[in-house]
Amino acid sequence: MTAALLIGVGQYEDKSFSALPAATEDVKKLQDVLQHPHIGAVRALEVASLLDPDLQQLRSALKMLTNCSSNEVVLVYFSGYGIVDDYGQLFLASRATRRDKLNETALSMAEVQESLENCRSQQQILILDGCFSGAYAQGMVADSDIDKIGQQLSGKRRVLLTSPWSLDYSPQEKSALSTYTQSLIEGLSTGMADGIGHRTLDGQISIIELHDYICDRIATKLPAAKPRLYTMGHGYEITIAQAPYLDFRKEALSLASQGEISPVGNKILDALQIKHGVPDAIANQIKAEVVQPFEIQQNKRKQLEDLRTNIAQGGQISDNTQTELMRLQEVYDLSPDSGSRYDLQPDSNARRDTPTLAPYPVAGMAAAGVADPGQQTVAPPPETSLNAPDPPVAPTELDNRPSTRLERMNQFLQERNLPRDFSSDGWLIALAGLAVLALLGAVLFAVFLPLLPRSANNFSNAEEFFQDAYRKSQGSDRQGAIDSYTQAITLNPNNPNFYYNRGIEYAKAGDRQRAIADYDQAIRIDSAFADAYFNRANAYLASGDNNAALQDYQQAARLYGEQKLSDERQRAENAAARLQGQ
């Protein structure tokens, strides 16, 4: 980021607006972070701020954007009230704004958009952290209005980030910083936004990394509140800041990989803190953040075990309760490696190889339970079905030559430490007798086998359940496939393919919420799982959540591009373009 305009409006002449003390504090703190020589702008003077401005001051400041060059990264940040009128147009409130005269007293987003269009910068970032409401009633903003505004303001060279638009999120509840901006500042100042989501730890913070970090932080405080990101191009790849303290962060992540930092580990970090000049507050926050996911998982595990113990005290746990407990374990995301969202490998952004034993069903729109494009308001084009990955690789026979009778006999006796002098036919006669007895036993087993009680299956590992689920899916036994996928997950909760394929079955059955939950889990395990993003987008689209669908189509397109899958990338981009053009 090379130039920034930060605007905070916390005091209002119209008494129908409550004061927002956090708004001006947001700007001051963010300005301090962006002026840090190892984080933000090249020169501190390139970070300008406006506190409680009137409408004319706002317009004058925006005109300054025309002075930026094409190779600069431009940031415009606003903290305050955002008001949507009856026509779905968004206005940013100034100090003198009146609700009954928005056109004359508030800054329309059409003016902001025009100023950004006139700006030569090819990388523009717009961040809105505000109390969003209707013109005359708090909380009267429809999702359709939000998405329309987001699509209007985003562009091929511009990305829009917004705080949650829901009633349970409001900056005025904070006396210091708003929840959104506080998370934004922490992600930049500590550098912990760098590498989140198992991306590469490279000392730079991209927009998508910052957005994911903010979403994670807000989810721990306000689970229902969802920040938003809009872009029509590759705006999510824009680098907003440098990530400081890279060596310290890498060491902290490595030392906390088992869920805690040992006393020796703390001594190592103390020495590195002095060496790299990490402030005490930042060092303590980094150490707290690297262990927090493990602490959350440990708490969830304790809750699950306590619940299981309490249920068992009432007698034997029923099959239905066992299934529900397994489902709770999945919802809690209690796989062994589900703690940290960071990788320390040098190329963690590359697509991980999937197990060769995992055949994918076709993962297009039909597989995801999305109706035909002709019946959808917006849908991927008919050709958007994803190609199924290669089928399982059969074991390779190293030597297909049949062994001789003597070789087989030698091997049989060698394993039993018996003498191997076969000049006499006695051994052959004895072995022939054993063969007759074995044949007789096999006949008796075949005769009486149907009379013996049998279990539902004789599978011993997750891969066998997975193969069984795939066969049932091909045979249209949907519930049977779901049950077998669930058994595979129970035996191996770390394979993203199991969740992904079960999600497809749920989507086929019309259970989109469970499908989305399974795609979520597949993505948590493998953040580069482009197919899971694409199918989750289909499920979101069928559920009416166009904004979430758009973000997943765009993320799928980005991952397909990184994996050199040009056809799949084009299909995802086509789906996103159709959704944006609605």
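Each chain carries its own residue numbering, running from 1 in the direction its sequence is written. For this predicted model, a pLDDT threshold of at least 70 governs which residues receive local features, and a threshold of 80 or more governs which side-chain atom pairs are given and counted, while totals over whole chains, interfaces and linings are taken from all residues. Computation of side-chain values: all heavy atoms of the structure, hydrogens and water removed.

1. Side note on the overall build of the protein
- Strands are runs of DSSP state E lasting at least two residues, helices are runs of H or I lasting at least four, and both sets are numbered from the N terminus onward. Looking only at helices and strands, the protein has 20 helices and 10 strands in total.
- By the burial criterion, 49% of the 582 residues in the protein qualify as buried.
- Only the protein chains shown count as covering a residue, and every accessible area follows the Shrake-Rupley method with a 1.4 Å probe. For the protein, the computed accessible surface area is about 28,300 Å², with 51% contributed by carbon and sulfur atoms. Only protein chains enter the calculation, and the probe is 1.4 Å; a residue is then buried if its accessible area is under 20% of its type maximum, exposed if over 50%, and partly exposed in between.

2. Things to note about helix α16 (residues 496-508)
- Multiplying 1.5 Å by the helix residue count minus one yields the expected span of that helix. Along its 13 residues, α16 runs 19 Å from first to last C-alpha, staying within 8% of the 18 Å computed at 1.5 Å per residue.
- The element α16 is extensively covered by neighbouring structure, given that 12 of its 13 residues are classed as buried.
- Buried residues of α16: P496, N497, F498, Y499, Y500, N501, R502, G503, I504, E505, Y506 and A507, and no others.
- Residues are treated as being in contact if the distance between any of their heavy atoms lies within 4.5 Å. Here the buried face of α16 lies against α11 (319-331), α14 (462-474), α15 (478-491), α17 (512-525) and α18 (530-543).
- Polar contact is the term for a pair of N or O atoms within 3.5 Å; when the atoms are in protein, one must be able to donate a hydrogen and the other to accept it, and sequence-neighboring residues count only if both atoms are side-chain atoms. Of the residues that open α16, the one with a side-chain oxygen 2.9 Å from the backbone nitrogen of N497 is N495.
- Immediately downstream of α16, the backbone of G510 shows phi near 85°, a positive value.

3. So, the pattern of salt bridges
- Counted as salt bridges are all cases of a side-chain nitrogen of Lys or Arg within 4 Å of a carboxyl oxygen of Asp or Glu. Scanning all chains against the criterion turns up 23 salt bridges.
- When the shortest N-O distance is used, the salt bridge between D518 and R502 registers 2.8 Å. In this pair, D518 is assigned in helix α17 and R502 in helix α16, connecting sequence segments 16 residues apart.
- The exposure class of R502 is buried, given its relative accessible area of 1%.
- The partner of E573 in a salt bridge is R569, and the shortest N-O contact between them spans 2.9 Å.

4. Notes on the packing of aromatic side chains
- Paired rings are identified among Phe, Tyr and Trp, the last through its six-membered ring, by centres lying within 6.5 Å, and are further divided according to the angle between planes into stacked (under 30 degrees), edge-to-face (over 60) and tilted (the rest). Per the stated rule, a full pass over the model turns up eight aromatic pairs.
- Note on F17 and Y81: the rings are 5.0 Å apart at their centroids and 50° apart in plane angle, and the pair reads as tilted. Placement of the pair is F17 in the loop between β1 (3-8) and α1 (21-34) and Y81 in strand β3 (residues 73-84), with a sequence separation of 64 residues. Accessibility assignment for this pair places F17 and Y81 in one class, buried.
- Between Y500 and F529 the ring centres are 4.9 Å apart and the planes differ by 35°, which places this aromatic pair in the tilted class. Linking Y500 in helix α16 with F529 in the loop between α17 and α18, this pair joins segments that are 29 residues apart in sequence.

5. Some words on helix α8 (residues 246-255)
- Three or more residues of α8 are buried, namely F248, R249, A252 and L253. The buried residues of α8 all sit within an arc of 130° when viewed along its axis, so they share a single face.
- In this structure, the buried residues of α8 make contact with α6 (179-190), α9 (263-276) and α10 (280-312). Directions from the helix axis toward the C-beta atoms define the arc.

6. Overview of the packing of α15 against α16
- An axis is simply a line fitted to the C-alpha atoms; with a helix, the fit covers only the stretch in contact. Between two such axes, the angle follows the N-to-C directions and lies from 0 to 180 degrees. At their nearest, the axes of α15 and α16 sit 9 Å apart, and the two run at 155° to each other. As the angle between them shows, α15 and α16 are arranged roughly antiparallel. As for how α15 packs across α16, the hand of that crossing is left-handed. Two secondary-structure elements touch here, α15 through R478, A481, I482, Y485, T486, A488 and I489 and α16 through F498, Y499, N501, R502, E505, Y506 and K508.
- Residues are grouped as follows: nonpolar covers Ala, Val, Leu, Ile, Met, Phe, Trp, Tyr, Cys and Pro; charged covers Asp, Glu, Lys and Arg; every other residue, Gly included, is treated as polar. Class assignment for the residues of the contact of α15 with α16 results in eight nonpolar, two polar and four charged. In this scheme, roughly parallel covers angles under 35 degrees and roughly antiparallel covers those over 145, while 65 to 115 is roughly perpendicular and the rest are oblique. Crossing handedness follows the turn of the near helix against the far one: under a right angle anticlockwise gives a left-handed crossing, and clockwise gives a right-handed one.

7. Looking at the pairing of strand β9 (residues 228-231)
- Of the two faces of β9, the one lined by R228 and Y230 and the one lined by L229 and T231 are each fully buried.
- The sheet contact formed by strand β7 (residues 158-162) and β9 spans four bridges and is antiparallel. When the sheet's bridge partners are listed, T162 is paired in β9 with R228. The rule for pairing is simple: two strands pair if DSSP sees at least two bridges between them.

8. Observations regarding the confidence of the model for the protein
- Across the chain, each position has a pLDDT score giving the predictor's confidence in that residue, from 0 to 100. With 74% of its residues at a pLDDT of 70 or more, the protein has an overall mean of 77.
- Considering only residues more than four positions removed or in separate chains, one finds that residues 346-406, a stretch of pLDDT under 50, has 126 contacts.
- Confidence drops under pLDDT 50 across residues 449-456; counting only partners more than four residues distant or on other chains, this segment forms zero contacts.

9. Concerning the side chain of T321
- The residue T321 is located in helix α11 in this model.
- Owing to a relative accessible area of 19%, T321 belongs among the buried residues under this scheme.
- Side-chain polar atoms of T321 contact the side chain of S318, separated by 2.9 Å.

10. Examining the nonpolar core
- Within this scheme, the nonpolar core is defined by two criteria: the residues are buried Ala, Val, Leu, Ile, Met, Phe, Trp, Tyr or Cys, and they are joined through side-chain atoms within 4.5 Å. Residues L6, I125, I127, L188, I240 and V290 are the most contacted members of the largest nonpolar core, which totals 52 residues.
- Of the residues forming this core, the biggest block, six residues, is contributed by helix α7 (residues 207-221).
- If we skip the residues at most four places from it in the chain, I125 touches V73, V74, L75, V76, V159, I207, I238 and I240.
- Within the second largest apolar cluster, 43 residues are counted, among which are A481, A515, A530 and A539.

11. As for the environment of H36
- When you line up the elements, H36 lands in the loop between α1 and β2 (47-51).
- In sequence terms H36 and S189 are 153 residues apart; their C-alpha atoms lie 8.7 Å from each other.
- Here H38 takes part through its backbone nitrogen, which lies 3.0 Å from a polar atom of the side chain of H36.

12. Here we look at the packing of α6 against α7
- Where α6 meets α7, the closest approach of the two axes is 9 Å, and the angle between their N-to-C directions is 130°. Viewed along their axes, α6 and α7 adopt a mutual orientation that is oblique. Considering only the axes of α6 and α7, their crossing is right-handed. Taken together, the residues of α7 that come into contact with α6 (itself represented by T179, Y180, Q182, S183, L184, E186, G187, L188 and T190) are L210, Y213, I214, R217, I218 and K221.
- When its residues are assigned to classes, the contact of α6 with α7 shows seven nonpolar, five polar and three charged.

13. Some points on the side chain of R99
- With respect to the helices and strands, the residue R99 is situated in the loop between β4 (90-92) and α3 (102-105).
- We treat Lys and Arg as the positive residues and Asp and Glu as the negative residues; His and chain ends play no part in the count. It is D14 that comes nearest to the buried, bridge-free R99 among opposite-charge side chains, at 5.5 Å.
- A polar atom in the side chain of R99 sits 3.4 Å from the side chain of S16.

14. Quick notes on the environment of I482
- Mapped onto the elements, I482 comes out in helix α15.
- We classify I482 as buried; its relative accessible area is 6%.
- Along the sequence, I482 and G503 sit 21 residues apart, while their C-alpha atoms lie 8.7 Å from each other.
- Those residues in contact with I482 that sit more than four places away from it in its chain are R502, E505 and Y506.

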